[in-house]
Amino acid sequence: MLRPEEVEMLVCGSPNLDMKELQKVTTYDGYSVHDIPIKNFWDVVLTLPKELQKRLLLFATGSDRIPVGGMGEMQFKITKAVQTEMLPMAHTCFNQLVLPAYRSKNILRQKLLIAVQNAEGFGIE
């Protein structure tokens, strides 16, 4: 028999985040892993507090938890946006973040935090 916390993990996923693992499995569309906006993105994400990392995951995937098998089981894509003035967007059904090529790391941080902190998702708890 499963304990209640084991059932919760199977149903809801794991609450333990490892953004470096997510970085390893991320694919890119319009960007490469060596592009400055992508390097800036990961520099910002890896320095965020865990609570904001969870909010980013919720913003991009619709869930602040990772699959039972860990981040390695996840598919995550960052797609280049044409407009550089807009906020990042997400397609949660596809675990896709649409990220403009901002001019600096500070602008990227500012726009990403605005998007993540003001996203409401579907309003389901």
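Scroll up to find the structure this text is about.
In what follows, the accompanying structure is described.

What counts and what doesn't
- Note on numbering: residues in each chain are counted from 1, in written sequence order.
- It should be noted that, the model being predicted, local features are given only for residues of pLDDT at least 70 and side-chain atom pairs only at 80 or more, the latter also being counted only at that level, while totals for whole chains, interfaces and linings use all residues.
- Neither water nor hydrogens contribute to the side-chain values; these are computed over all heavy atoms in the structure.
- By the criteria applied, helices consist of DSSP H or I runs no shorter than four residues and strands consist of E runs no shorter than two, each listed in order from the N terminus.
- Only protein chains enter the accessibility calculation, which uses a 1.4 Å probe; a residue is then buried when its area is under 20% of its type maximum, exposed when over 50%, and partly exposed in between.
- Only heavy atoms matter for contacts: two residues are in contact if any of them lie within 4.5 Å across the pair.
- Per-residue and other accessible areas follow the Shrake-Rupley method at a 1.4 Å probe size, with only the shown protein chains counted as cover for residues.
- The rule for a salt bridge is simple: a side-chain nitrogen of Lys or Arg has to be within 4 Å of a carboxyl oxygen of Asp or Glu.
- If DSSP finds at least two bridges between two strands, the strands pair.
- To define axes, lines are fitted to C-alpha atoms, for helices over the stretch in contact only, and angles between the resulting N-to-C directions are given on a 0 to 180 degree scale.
- Angle categories: roughly parallel below 35 degrees, roughly antiparallel above 145, roughly perpendicular from 65 to 115, and oblique for all the rest.
- Note on convention: the crossing is left-handed when the near helix lies turned anticlockwise from the far helix by less than a right angle, right-handed when the turn is clockwise.
- We call Asp, Glu, Lys and Arg charged. Ala, Val, Leu, Ile, Met, Phe, Trp, Tyr, Cys and Pro are nonpolar, and the rest, Gly among them, are polar.
- Only Phe, Tyr and Trp rings take part, Trp by its six-membered ring, and two of them pair if their centres are within 6.5 Å. Stacked means planes under 30 degrees apart, edge-to-face means over 60, and tilted covers everything else.

**Some remarks on the overall build of the chain**
Scanning the chain from terminus to terminus reveals 5 helices and 4 strands. Ordered by position from the N terminus, the helices and strands of the chain form the series α-α-β-α-α-β-β-β-α. When the 125 residues of the chain are sorted by exposure, 35% land in the buried category. The long-range fraction of contacts in the chain, counting pairs at least 24 apart against all pairs at least 6 apart in sequence, stands at 60%. Accessible surface for the chain amounts to roughly 7,800 Å². Of this, 54% is attributable to carbon and sulfur atoms.

**Concerning the pattern of salt bridges**
Taken as a whole and judged by the stated rule, the model has 2 salt bridges. Across the salt bridge formed by lysine 24 and glutamate 21, the nearest N and O atoms sit 3.1 Å from each other. Of the two residues, lysine 24 and glutamate 21 are both situated in helix α2 (residues 19–25); the distance of 3 residues between them amounts to about one turn of the helix. Taking the relative accessible area as the measure of exposure, glutamate 21 reaches 28% and is therefore partly exposed.

**Examining the pairing of strand β2 (residues 76–81)**
Within a regular strand, side chains alternate between the sheet's two faces. Bridge analysis of strand β1 (residues 26–29) against β2 gives 4 bridges, and the strand direction is parallel. The residue bridging threonine 27 from the neighbouring strand is lysine 77, located in β2. Relative to strand β4 (residues 96–100), β2 runs parallel, the two being bridged by 5 bridges. From the neighbouring strand, lysine 77 faces β4, where its bridge partner is glutamine 96.

**Brief notes about the packing of helix α3 (residues 36–47) against helix α5 (residues 105–118)**
Axis separation between α3 and α5 bottoms out at 9 Å; the angle between their running directions is 55°. Regarding the angle of α3 to α5, the classification is oblique. α3 and α5 meet at a crossing whose hand is right-handed. Residues Pro37, Asn40, Phe41, Asp43, Val44, Val45 and Thr47 of α3 lie in contact with α5, whose contacting residues are Lys105, Leu108, Arg109 and Leu112. A per-class count over the contact of α3 with α5 returns 6 nonpolar, 2 polar and 3 charged.

**Some points on the packing of aromatic side chains**
All told, the structure shown has 1 aromatic pair when counted by the stated rule. Where phenylalanine 41 meets tryptophan 42, the ring centres are 4.9 Å apart and the plane angle is 80°; that geometry is what we call edge-to-face. Accessibility classification places phenylalanine 41 together with tryptophan 42 in one group, the buried group.

**Quick notes on the environment of asparagine 40**
Among the secondary structure elements, asparagine 40 is positioned in helix α3. When near neighbours in sequence (up to four residues on either side) are disregarded, asparagine 40 contacts Ser104, Lys105 and Leu108.

**Comments concerning the side chain of glutamine 53**
Positionally, glutamine 53 belongs in helix α4 (residues 50–61). Apart from the residues lying within four places of it in its own chain, the contact partners of glutamine 53 are Leu17, Met19, Val45, Leu46 and Leu48.

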